[in-house]
Amino acid sequence: MSAAELTPPEAARWADRAGLPLPADRHTAAAATANHIHSVVAVLRELDFGDTPPASAYRAGEERHDAAV
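Figured I'd write up the structure that's included with this text.

Definitions and limits used
Residues numbered from 1 in each chain as written. Predicted model: local features only at pLDDT ≥ 70, side-chain atom pairs only at ≥ 80, totals over all residues. Heavy atoms only, no water. Helix = DSSP H or I, 4+ residues; strand = E, 2+ residues; numbered from the N terminus. Buried < 20%, exposed > 50% of the residue type's maximum accessible area, 1.4 Å probe, protein only. Areas by Shrake-Rupley, 256 points an atom, 1.4 Å probe, with all protein chains shown as cover. Arc of directions from axis to C-beta. Contact = heavy atoms within 4.5 Å. Axes fitted to C-alpha atoms, helices over the stretch in contact; angles between N-to-C directions. Parallel < 35°, antiparallel > 145°, perpendicular 65-115°, else oblique. Nonpolar A, V, L, I, M, F, W, Y, C, P; charged D, E, K, R; others polar. Expected span 1.5 Å × (residues − 1).

Overview of the overall build of the chain
Within the chain one finds two helices and zero strands. Taking all 69 residues of the chain together, the buried fraction comes to 10%. Entry remark: accessible area of the chain is about 6000 Å², with carbon and sulfur atoms responsible for 59%.

Let's talk about helix H1 (residues 8-17)
Turn by turn, an α-helix covers 3.6 residues, leaving residues three or four places apart pointing in a common direction. The complete set of buried residues in H1 reads Ala-11, Ala-12 and Ala-15. An end-on view of H1 places all buried positions within 100 degrees of arc, on one side of the element. Exposed positions of H1 whose direction lies more than 90 degrees from the buried face are Pro-9 and Arg-17. Buried residues belonging to H1 abut helix H2 (27-45).

Overview of the packing of H1 against H2
Interhelical geometry of H1 versus H2 gives an angle of 90 degrees and a closest axis separation of 8 Å. Considering their axes alone, H1 and H2 lie roughly perpendicular with respect to each other. Where H1 abuts H2, its residues Pro-8, Ala-11 and Ala-12 lie against His-27, Thr-28, Ala-30 and Ala-31. Of the residues that constitute the contact of H1 with H2, the class distribution is five nonpolar, two polar and no charged.

Points about H2
The terminal C-alpha atoms of H2 lie 27 Å apart, and with 19 residues this matches the ideal 27 Å at 1.5 Å per residue to within 8%. All of the buried residues along H2 are His-27, Ala-31 and Asn-35. Burial along H2 is one-sided: seen end-on, the buried residues are contained in an arc of 70 degrees. More than 90 degrees from the buried face of H2, the exposed residues found are His-36 and Val-43. Here the buried face of H2 lies against H1.

Here you go:
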């Protein structure tokens, strides 16, 4: 998918390629939903997680609870 918004006919074509044919009245809604998801993921891709350890490094119960902010 390019940076341009997905059009309803493109959404229908991609859904069909994925084996999920859509009725004609769902093309616009599917395109709008895909465009929304794309915009949210684009924001997440901009976040810098450089100093964040991977989830496998987290150990439940080892965190310290204090009221310091």
